[in-house]
Amino acid sequence: MSVNERETRASSLPDPFVPIRRSLRERIGRPKVSVVLSVVWLLIVIAWAIIPQAFTPLDPIAGNAAQAQQPPSLEHLFGTDATGRDMFTRVVYGSINSLSGALIAVSVGFVIGTAIGVIAGSSRRILDDILMRIVDVFLAIPSLLLSLSIIILLGFGTAQAAIAVGFTSVAAFARLSRSEVVRVRGSDYVEAAFASGGRFPVVLWRHVLPNSLTAVLALAALQFGTAVLSISTLGFLGYGAPPPTPEWGLMIAEGRNYIATAWWLTTLPGAVVVLVVLAANRVSAAIAAKGRIS
Amino acid sequence: MPSPRRLIAGLATATVLALALAGCSANASTPGSGSSSETGKPVTGGSLVYLEHQAITGLYPPGAGFYPNGGIVNNIADRLVYQDPKTLEFEPWIATKWESNADATEYTFTIRDGVTFSDGTPLDAAVVAKNFDLYGLGDAARGLTVSEAINNYQSSEVVDKNTVKFHFSAPSPGFLQATSTINSGLLSSKTLDLPFEKFGPGNAANIIGSGPFTVDNEKIGTGLDLVARKDYKWAPKSWSNQGRPYLDKIQITVTPEASVRVGALLSGQAGLIRDVEAQDEKQVTDAGFQVYAAQTNGVNNGLSLRFRNEKLSDIRVRQALIAGIDREELVKTIYTKNYPLATSVLSKTALGYVDTKDAFAYDPKKAATLLDEAGWKLGSNGIREKDGQPLTLVVNEAAPQPRSFDALTLVSQQLKKIGVDLQILKADAGTYAKAIQDANQVQIYHSMVGRADLDVIKSQFYSKNRNTLLNRDNADQSIGDPKLEELLQAVASTADPKARIEASQTVQKYLADQAYVIPFFEEPQVFATANFVHGFSSESVGRPSFDAVWVDKQ
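What counts, and where the lines are drawn
Residues numbered from 1 in each chain as written. Chains lettered and ligands numbered in written order. Predicted model: local features only at pLDDT ≥ 70, side-chain atom pairs only at ≥ 80, totals over all residues. Helix = DSSP H or I, 4+ residues; strand = E, 2+ residues; numbered from the N terminus. Buried ≥ 20, exposed ≤ 12 C-beta atoms within 10 Å, placed from the backbone. Contact = placed C-beta atoms within 7 Å. Expected span 1.5 Å × (residues − 1). Pairing = 2+ DSSP bridges. Axes fitted to C-alpha atoms, helices over the stretch in contact; angles between N-to-C directions. Nonpolar A, V, L, I, M, F, W, Y, C, P; charged D, E, K, R; others polar. Parallel < 35°, antiparallel > 145°, perpendicular 65-115°, else oblique. Left-handed = near helix turned anticlockwise from the far one by under 90°.

A. Structural view of the overall build of chain A. Looking only at helices and strands, chain A features 11 helices and 0 strands. Secondary structure elements of chain A, listed N to C terminal, follow the sequence α-α-α-α-α-α-α-α-α-α-α. For chain A, the residues scored as buried account for 45% of the 294 residues in total. A sequence separation of at least 24 residues applies to 66% of the contacts in chain A between residues at least 6 apart.

B. Layout of helix α14 (residues 482-493) of chain B. Residue and element names in this part refer to chain B. Taking 1.5 Å of rise per residue, the 12 residues of α14 would be expected to cover 16 Å, and the 16 Å separating its terminal C-alpha atoms lies within 8% of that figure. The set of residues buried in α14 consists of Leu484, Leu487, Leu488, Val491, Ala492 and Ser493. Of the surrounding elements, those touching the buried residues of α14 are α13 (456-461) and α15 (497-513).

C. Region of interest: the sheet that holds strand β4 (residues 95-100) of chain B. All names here are of chain B. Taken together, 4 strands build an open sheet; the order of strands is β4-β5-β7-β6 and the sheet is antiparallel. Both edges of this open sheet fall to β4 and β6 (153-160), since each of them pairs with a single strand only. Going across the sheet, the axis of each strand differs from the next one's by a mean of 20°, ignoring polarity. Bridging between β6 and strand β7 (residues 163-168) involves 6 bridges; their strand directions are antiparallel. Each bridged residue has a counterpart across the sheet, and for Tyr153 the counterpart in β7 is Phe168. Along the sheet, helix α3 (residues 125-137) makes contact with β5 (106-111), β6 and β7, crossing β6 at roughly 180°.

D. Main features of the interface of chain B and chain A. With 27 residues of chain B in contact, the opposing surface of chain A contributes 25 residues. Elements supplying a minimum of two residues to the side of chain B that touches chain A: α1 (4-28), α6 (258-266), α9 (327-334) and α11 (404-416) of chain B. Residues of the side of chain B that touches chain A, tallied by class, amount to 10 nonpolar, 10 polar and 7 charged.

E. Looking closely at the pairing of β4 of chain B. Residues and elements named next belong to chain B. One ladder, built from 5 bridges, connects β4 with β5; its direction is antiparallel. Its bridge partner lying in β5, Glu99 is registered against Thr108. Counting the residues between successive antiparallel strands, the hairpin from β4 to β5 contains 5 residues, one of them, Ala104, with a positive phi of roughly 55°.

F. View of the packing of α9 of chain B against α11 of chain B. Residue and element names in this part refer to chain B. Put simply, α9 and α11 touch, their axes get as near as 10 Å, and they point 140° apart. The pairing of α9 with α11 is recorded here as oblique in orientation. The way α9 lies across α11 gives a crossing that is right-handed. Every residue of α11 that contacts α9 at Leu330, Thr333 and Ile334 is listed here: Asp406, Ala407, Leu410 and Val411. In terms of residue class, the contact of α9 with α11 is built from 5 nonpolar, 1 polar and 1 charged.

G. The arrangement of the environment of Ser196 of chain A in detail. With respect to the helices, strands and loops of the structure, Ser196 of chain A is situated in the loop between α8 (188-195) and α9 (200-236). The spatial distance from the C-alpha of Ser196 of chain A to the C-alpha of Gly186 of chain A is 16 Å, given a sequence separation of 10 residues.

H. Geometry of the sheet that holds strand β9 (residues 223-228) of chain B. Residues and elements named next belong to chain B. On the basis of which strands lie adjacent, the open sheet formed by 7 strands has the order β8-β9-β10-β1-β11-β21-β12 and mixed pairing. The two strands at the open ends of the sheet, each matched to only one other strand, are β8 (213-219) and β12 (290-295). If you compare each strand with its neighbour and ignore which way they point, the axes differ by 20° on average. Against the sheet, helix α2 (residues 67-76) touches β1 (47-52), β8 and β9, its axis set at about 140° to β8. Against the sheet, α6 engages β1, β11 (272-274) and β21 (524-529), with an angle of about 165° to β11.

I. View of unusual backbone geometry. Residue and element names in this part refer to chain B. Located in the positive-phi region is Asn467, a residue other than glycine, with phi close to 50°. The topology assignment puts Asn467 in the loop between α13 and α14. Accessibility expressed as a C-beta count within 10 Å gives 17 for Asn467, which makes it partly exposed. Phi at Ala515 takes a positive value of approximately 55°, unusual for a residue other than glycine.

J. Molecular detail of the environment of Ile457 of chain B. All names here are of chain B. Looking at the element boundaries, Ile457 is found in helix α13. Exposure remark for Ile457: the 28 C-beta atoms within 10 Å place this residue in the buried category. Put simply, Ile457 and Val299 are 158 residues apart on the chain and 6.3 Å apart in space, counted from C-alpha to C-alpha. In this structure Ile457 touches Val299, Val345, Leu346, Leu488, Val491, Ser504 and Val507, once residues within four positions along its chain are discounted.

Written out as structure tokens, the structure reads:
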């Protein structure tokens, strides 16, 4: 009677005419502890970004000088900085900068990169060559150098840093999506679609694009973690949000002169960045291993 | 692109390494053996590693006020007279005696025999005259500026091989002290013919003086070596070392990160470091190392309010800013006892100091009232507004000053409470240099200047010197407050010593009354030495002197 029993029966006796529809739970399988922890951690950080005031009653910018440079305690989970600002509050309020920045960066890379890849992969003529050589050039430049060059042109700031980081992943997205498109385009159903009179853009949109996106989506999840790290790097170097904005990379940079006297100023924000990146990588690895979830 | 697995592995390794390193430095801070007492016979020979905060920008003496430059010039160039850093009295150095006329428009110096530059040429009256002709008049064609220490200079006159006379167009009572500063470091005739660029980074070894050290092995932006002159024997009488410098070599390495400097000192990699930040002092003394906080005896570290900006042109706004800043909390939170709270625009140890601390009292209620009266009403976001314009002001981060950024962050938190939005300008060198010259971009300027003479106040505020208030507008060259100019002129050009002190005090009071400045603290230059380093001292504004330094570890 239960859904499970019915499905077990169905899978033991496959009906060739009814497509097998497994539940979401079945498709994910038994979740690993590390994946669950990663997802929970990412959800917490996303909640920090959306409703920071639910996690801390304090102001990330106004400090209390009487409580400057206090080590972590129950009152100040991550301690306080040189001017008495609560570090936990700053980390919580800082998550919006890092997460929205990473989202912009991944979107830029995903949209532009996939567009280039699909056009190159489906045209397979001189256009393909031109686009791929441009991508080669992008791949040849170290990504940090590339993002620094772009940010010098765009000016400093959170959004600018995000766009600069996004551009560095355009090449990776373009390469991957092109190879997928080339694979899908040679398949029988695409040939069939063309043979039955489908026009090029329609076939591209209806058949090629959806079927080549899986791998690209996994890459997007992976890029999210990398983007958080890159944006923090730019923030650390002073190219991101201007102070006193609580940005993770900037906080680590500001705390580095206190590494011997107030370890919590760099260590704890640094640990948060490391955990977010690790969690995002773990989740993307899980997605890649399981294929499509939705 | 690195694979995700490798990326994670790399990250984990980096984290573990960082933690291990942090552990190492904690271990290294256990107290070393021995004390830093100055007993024992000085040892000749050996070398010292000196970690400097910033790289040199140029060694043209009048422009060498920047500490990394001054630290070099102080050791490679001698001066006519020597100013004792403690008593601020003068004694012979290259000049054996000197005299001036009653209204300080004529100075005569007798030059010591037998002094040579490091290139072998003799230091005589003619080359001294050539030095001061350049420093006193500048050379616009070569881009060489007039020294801010020398006022009203007219001409020199070589009387004989050992006598030189200087003439001034108006009284120049500060000239004797000026000859003792690093801005008047004596250079060889050939060096004085160089254009501005040749004084810059990469050419330090070509700057020839007669001092106890010469420059060698310069690496641009990274550091240089000071090598002892074995034939140096014309030190001022009061120096403990009358012969050649004890050390053979001082290796100066630029180390911008404060935590790295302290770590290197504590682990024994460096013998001397400059700019020990306030938060690290305890760590250094706890480890049994010596901290030297040499006072700079000049204009205090503080803010200049650029009154020609529209928002700051109202004295009530300026007074409100002063009343809104809790200087005591600032000094207590960010600094240590080596940074005494300022009580005037000048340091207590500066010549001509007068107490004006009542003008800088903290009173947030008064600040709010003043801003209300000036028409700045509290907006919905907590920031005051007038005619739709928010009360947003920009202050520069003064990178050479100790903990400038932390201090300004705290000030901005304090000002937020009275509804003022203070932004801190943090920018690349080019953007920064341009912005600080424009009162519309930077309304509040954070700086200080050290010099042990009454003229120091003129150096900071006079329109043709540092012009920190931007009293002279850079766009149209107009002067906003002619009275201030007149008062500053009087400090530099009054011959009577008593009247000159009064003139300086008038300026200090005027600056306080007009609410042009907010002094924070009396700035020290904080050095720290390892236990094996002895005999370290600094000149009258805290620049290091290496002549008598010796080490007993090899």
